[in-house]
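Descriptive analysis of the structure
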Number of protein chains: 2
Amino acid sequence: MSALPHDAAWRARAAKVIPGGMYGHQATTLLPDGFPQFFARAEGARLWDVDGRMFIDMMCGYGPNLFGYGCQKIDAAFQKQLYAGDCMTGPSAIMVELAEALTAMVTHADWAMFCKNGTDATTMAATVARAHTGKRKLLVARGAYHGAAPWCTPRPAGVLPEDRAHVLSFVYNDVNDLARAFTEAGDDVAGLFAAPFKHDAFQDQADVDPAYARACRAACNATGALLIVDDVRAGFRLARDCSWARVGVQPDLSAWGKAIANGHPISALLGAERARDAAASIYVTGSFWFAAAPMAAALATLRMIRETDYLERLETLGGRLRDGIAAQAARHGVPVRQTGPVQMPQILLGDDPDFRKGFHWARVALDHGLYVHPWHNMFLNAAMTDADIDAALAATDAAFAAVAKNGASLPPVPQLRGLFA
Amino acid sequence: MSALPHDAAWRARAAKVIPGGMYGHQATTLLPDGFPQFFARAEGARLWDVDGRMFIDMMCGYGPNLFGYGCQKIDAAFQKQLYAGDCMTGPSAIMVELAEALTAMVTHADWAMFCKNGTDATTMAATVARAHTGKRKLLVARGAYHGAAPWCTPRPAGVLPEDRAHVLSFVYNDVNDLARAFTEAGDDVAGLFAAPFKHDAFQDQADVDPAYARACRAACNATGALLIVDDVRAGFRLARDCSWARVGVQPDLSAWGKAIANGHPISALLGAERARDAAASIYVTGSFWFAAAPMAAALATLRMIRETDYLERLETLGGRLRDGIAAQAARHGVPVRQTGPVQMPQILLGDDPDFRKGFHWARVALDHGLYVHPWHNMFLNAAMTDADIDAALAATDAAFAAVAKNGASLPPVPQLRGLFA
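Here the focus is the overall build of chain A. When its secondary structure is counted, chain A shows 11 helices and 13 strands. By the compact-globule yardstick of 22 Å for 421 residues, chain A fits well, its C-alpha radius of gyration being 22 Å. Structurally, chain A occupies a C-alpha span of about 60 × 55 × 45 Å along its principal axes. By the burial criterion, 67% of the 421 residues in chain A qualify as buried. Sequence-distant contacts in chain A: of pairs separated by 6 or more residues, those separated by 24 or more amount to 75%. Mean positive and mean negative side-chain charge positions of chain A (39 and 42 charges, respectively) differ by 3 Å.

This part covers the relation of the copies chain B and chain A. Relating the two copies of this chain is a rotation about some axis coupled with a shift parallel to it. Mapping chain B onto chain A leaves a residual RMSD of 0.0 Å; the transformation is a rotation of 180 degrees accompanied by 0.0 Å of translation along its axis. The transformation relating the two chain copies, once decomposed into turn and shift, fits a two-fold axis. Considering only C-alpha atoms, the part of chain B nearest the rotation axis is Glu162 of chain B, at 2.7 Å. An overlap of 100% is found between the interface residues of chain B and their copies at the interface of chain A, pointing to a shared contact surface.

A few words on the pairing of strand S6 (residues 167-170) of chain A. All names here are of chain A. In S6, alternate side chains face the same way, and those of Leu168 and Phe170 are buried while those of Val167 and Ser169 on the opposite face are not. Examined bridge by bridge, strand S5 (residues 137-141) and S6 share four bridges and lie parallel to one another. By the bridge assignment, Leu139 is partnered in S6 with Leu168.

With that settled, consider the packing of aromatic side chains. According to the stated counting rule, one finds 25 aromatic pairs over all chains in the structure shown. Ring geometry for Phe35 of chain A against Tyr371 of chain A: centres 5.1 Å apart, planes inclined by 70 degrees, an arrangement best described as edge-to-face. With Phe35 of chain A in the loop between helix H1 (5-17) and strand S1 (39-43) and Tyr371 of chain A in strand S13 (residues 370-371), this residue pair connects regions lying 336 residues apart in the sequence. Per residue, the accessibility class of Phe35 of chain A equals that of Tyr371 of chain A, and both read buried. When the centroid spacing of 6.4 Å and the interplanar angle of 80 degrees are considered together, the rings of Tyr212 of chain B and Trp244 of chain B count as edge-to-face. One end of the pair, Tyr212 of chain B, is in helix H6 (residues 210-223); the other, Trp244 of chain B, is in the loop between strand S8 (226-230) and strand S9 (253-256), and 32 residues separate them in sequence. In this structure an aromatic cluster arises from ring pairing among Phe35, Phe39, Phe55 and Tyr371 of chain A. Against the face of Trp48 of chain A rests Arg41 of chain A, its NZ or CZ located 3.9 Å from the ring centre.

On the side of chain A, 94 residues touch chain B, which itself brings 94 residues to the contact. Between chain B and chain A lies a buried interface of about 8,300 Å² when both sides are counted; carbon and sulfur atoms form 61% of it. Of all residues in chain B, Tyr23, Thr89 and Tyr283 of chain B bury the most surface against chain A, accounting for 11% of the area lost on that side. For the salt bridge of Glu100 of chain B with Arg13 of chain A, the shortest nitrogen-to-oxygen distance reads 2.7 Å. Summed over the shared surface of chain B and chain A, the number is 43 residue pairs in polar contact (both at pLDDT 80 or more). When contributions to the side of chain B that touches chain A are tallied by element, the ones reaching two or more residues are helix H1 (5-17), strand S1 (39-43), helix H2 (72-84), helix H3 (94-105), strand S4 (111-115), helix H4 (118-133) and helix H7 (276-281) of chain B. Looking at the side of chain B that touches chain A, its residues break down into 53 nonpolar, 24 polar and 17 charged.

Bringing the side chain of Asp57 of chain B into the picture now. All names here are of chain B. Checked against the element boundaries, Asp57 lands in strand S3 (residues 54-57). A distance of 3.1 Å separates a polar atom in the side chain of Asp57 from the backbone nitrogen of Cys60. A polar contact of 2.5 Å, which involves the side chain of Asp57, links it to the side chain of Tyr69.

Looking now at empty space enclosed by the protein. On inspection of all chains with the given rule, the structure shows nine cavities of 30 Å³ or more. Roughly 680 Å³ of volume is contained in the largest cavity. Lining the largest cavity are 45 residues, with Thr123, Ala149 and Pro150 of chain A together with Ala149 and Pro150 of chain B positioned closest to its centre. When contributions to the lining of the largest cavity are tallied by element, the ones reaching two or more residues are helix H4 (118-133) of chain A together with H4 of chain B.

Our next topic: the pattern of salt bridges. Residue and element names in this part refer to chain B. The final tally for this structure, using the stated rule, is 46 salt bridges over all chains. One salt bridge in this structure joins Asp187 and Lys135, with 2.8 Å as the shortest N-O distance. Highlighted residues: Asp187 in the loop between helix H5 (175-185) and strand S7 (189-194) and Lys135 in the loop between H4 and strand S5 (137-141), separated in sequence by 52 residues. Look at Lys135 and you get buried, because its relative accessible area is 16%. Across the pair Asp386 and Arg320 runs a salt bridge whose closest N-O atoms are separated by 3.0 Å. In this pair, Asp386 sits in helix H11 (residues 386-406) while Arg320 sits in helix H9 (residues 310-332), placing the two residues 66 residues apart along the sequence.

To continue, consider the side chain of Gln205 of chain B. All names here are of chain B. Tracing the backbone through its elements, the reader meets Gln205 in the loop between S7 and H6. Residue Gln205 is classed as buried on the basis of its relative accessible area, which comes to 6%. At a separation of 3.0 Å, a polar atom in the side chain of Gln205 contacts the main-chain carbonyl oxygen of Asp200. Reaching out from Gln205, the side chain makes a polar contact with the backbone oxygen of Gln203 at a distance of 2.8 Å. Once residues within four sequence positions are removed from consideration, Gln205 is found in contact with Phe197, Lys198, His199, Asp200, Thr339, Gly340, Gln346 and Asn377.

On to the packing of helix H5 (residues 175-185) of chain A against helix H6 (residues 210-223) of chain A. All names here are of chain A. Here H5 crosses H6 at 20 degrees, and the two axes come no closer than 10 Å. Taken together, H5 and H6 sit at an angle that is classed as roughly parallel. Here the hand of the crossing between H5 and H6 comes out right-handed. Residue-level inspection shows Val175, Leu178 and Phe182 of H5 in contact with H6, the latter providing Ala211, Tyr212, Ala215, Cys216, Ala219, Cys220 and Thr223. Classifying every residue of the contact of H5 with H6 by side-chain character gives nine nonpolar, one polar and no charged.

With respect to the helices, strands and loops of the structure, Asp33 of chain B is situated in the loop between H1 and S1. With residues up to four places along the chain from it excluded, the contact list for Asp33 of chain B reads Arg363 and Gln415 of chain B.

Let's shift gears to unusual backbone geometry. For Phe202 of chain A, which is not glycine, the phi torsion reads 65 degrees and is therefore positive. Tracing the backbone shows Phe202 of chain A in the loop between strand S7 (189-194) and H6.

Per-residue confidence for chain A gives a mean pLDDT of 97; residues scoring 70 or more make up 100%. Listed scores for the predicted complex are pTM 0.98 and ipTM 0.98.

This paragraph deals with the environment of Ala76 of chain A. Within the secondary structure, Ala76 of chain A sits in helix H2 (residues 72-84). For Ala76 of chain A, a relative accessible area of 44% gives the class partly exposed.

Calculation criteria
Residues numbered from 1 in each chain as written. Chains lettered and ligands numbered in written order. Predicted model: local features only at pLDDT ≥ 70, side-chain atom pairs only at ≥ 80, totals over all residues. Heavy atoms only, no water. Helix = DSSP H or I, 4+ residues; strand = E, 2+ residues; numbered from the N terminus. Rg over C-alpha atoms; globule rule 2.2 N^0.38 Å. Buried < 20%, exposed > 50% of the residue type's maximum accessible area, 1.4 Å probe, protein only. Contact = heavy atoms within 4.5 Å. Lys, Arg positive; Asp, Glu negative; His and termini not counted. Charge placed at Lys NZ, Arg CZ, Asp CG, Glu CD. Least-squares fit on C-alpha atoms with pLDDT ≥ 70 in both. Pairing = 2+ DSSP bridges. Phe/Tyr/Trp six-rings, centres within 6.5 Å; stacked < 30°, edge-to-face > 60°. Lys NZ or Arg CZ within 6 Å of the ring centre and 35° of its normal. Buried area = accessible area lost by both parts, 1.4 Å probe. Salt bridge = Lys/Arg side-chain N within 4 Å of Asp/Glu carboxyl O. Polar contact = N/O pair within 3.5 Å; in protein donor to acceptor, adjacent residues only side chain to side chain. Nonpolar A, V, L, I, M, F, W, Y, C, P; charged D, E, K, R; others polar. 1 Å grid on protein atoms, 1.4 Å probe; cavity = no way out; pocket = protein on both sides within 12 Å on 5 of 7 lines; lining within 4 Å. Points joined across faces, edges and corners; volume = space filled by probe spheres on them. Axes fitted to C-alpha atoms, helices over the stretch in contact; angles between N-to-C directions. Parallel < 35°, antiparallel > 145°, perpendicular 65-115°, else oblique. Left-handed = near helix turned anticlockwise from the far one by under 90°. pLDDT = per-residue confidence, 0-100.

Structure (structure tokens):
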């Protein structure tokens, strides 16, 4: 009998009616055994799986949860608008207020367009860049995730060479390789996609080198290409502005999603004046894009972003977690690499080329009530407290102890065999 | 001073922060003067604009409203799940129940994948078809709308030739032209997109010819291509099954959205067993795709679809409206063409090549409290009553009277100048 009978039963039913039993970024296919596929409840900083286990959730829905699951202030605004009118035959005036709020907060932005998926926003950015420049090439950092449409999805089944015919890659933070890519593209660059920092899966994260960010801006200025910051994942977790405002570089376009309505479904493309006509020229739309309730939730979320110290608290909590983990790792003699901003931490174990130790670490932490991810950056949320960080550190301490004890005798992880063959 | 001071004020603010003031299918750019851009409230069969005017809404949010805005049974299920957990770090088990419910109702479907936009579902269908066949061409009926991604959006600004390199078109309901397209594509057809009926804008609608539907199926059988019914717009308004079940033809894939959760944001790709492995092989995902509250709303919507006589009522109400309009048109001596299923009517005036009479007709109906569309198919919803149809007919009677009186002296419509130059 499975230790997780309810999860096992739902997986068995899912296998019949969902291809592969589950798909996309929330499939547990590449997670350690024992990680639940199905959840029953979420509140504040916590998640409950279908077998009744409670976790402090370090994934925050892969980003959307910024102020806690079910945040009352935000959900009250959502509910009020849901009763008034949500998906109507036209937008509510709230759409205008939301565009005003975002353009007031995000320095580079003079206009906003709303959509549903982060991929909608990045694909719209590519389309606007091509319409604006009349050119074709998109430059993207190798390994950076910009969505799951044919032009950018990381797994190319069903994708044609034509879908990516004009996508060129370069090495993030490498000014010389950026210059090489521009040279290779000739006078045909429509847009340069910039991740706010390097947050690729299975790798150490890296903050953006300001000199590199300035070089991106200069290359776009020189060629007329549009500079696009993909802030879908990091937006408003690093700054109350576009993430590259921290290094003083203003893009022409920025893509947003995930946290901007604290989990209610809405994404956005923001843009500078110079790209406005191109944005007005493209045809993009969706059945639910103009629904008002998620926009009301976004307005309430933005108000909390402006008026509370959530960002400073995320940094303080994240700093305590990082320091605590560093001390535990040293004490247990288990090398660890903690990278990325403290509020979006990547935690990878040293001397662990095929992630077998990291999988063990994550599994033991899970068994102690902490949902951590062994190869994807995590997220803190502002509903977390010092007590939650204490509880998280108790779980990671047990995980380090287990790796110290068992690390040398762990077998390879079958799930990852394909990746590290 | 504008007759609609609030709408005018919001439009002025929108013009500053939204490209073109509004975009997509809900922009009023191609609607008569006097049509409001911004709405304040929706309930049941009715809409209120920001200037306080109330309308019986014949657009139903362009489709999502099937059981009335704010339907209590559906929204109660949504709210309950929203409190329990919506956009979490993994799906709720409700996702499995929803996949089970849809595959039980839709004859051809053995599995389901959920997404947010109708365009997500149609693009996934294309990707699955290419992954399944290893071939490239997509056959689509000329003028049919299948979404707003670069491969299919009706306005090609920012789109590259490569995005459509393998999209071929043919004439809907024309078996000979379908055969020509297959011949032209050679042995390279991945998928054939089929609209459930011809519901193109600015045109008379046409039901599917059963012989044509069978020819589509036969051609796919002969070549190995996948047959894809795009039921995003019409799904569950024609049948409690895939729309082509009415003509006895089962597709391999069907795309759904709009009404499946009565306006809550969720879309779906359903598929037959033979396409399951290909569906499992592609990588598609979205930040909000696995959110549980819209899935709970969908489950409640499907229950009402199965357990109420909503479909028969839509047909009865739609039949009354059609008969009433036909009688009015005859009485006023204004020729009218009413096409498409009665529950998704297209109403175009005769002897009106540039739509100036239709615009006048729609505007007068609007002034009498009925929101109708002059060139896009409309939608009935199950919250409508006989009294609503009576009120709608009172408005259309005034509209026909106005066209009878003024029709010969109307100027061309400036908004449409580009279309009918």
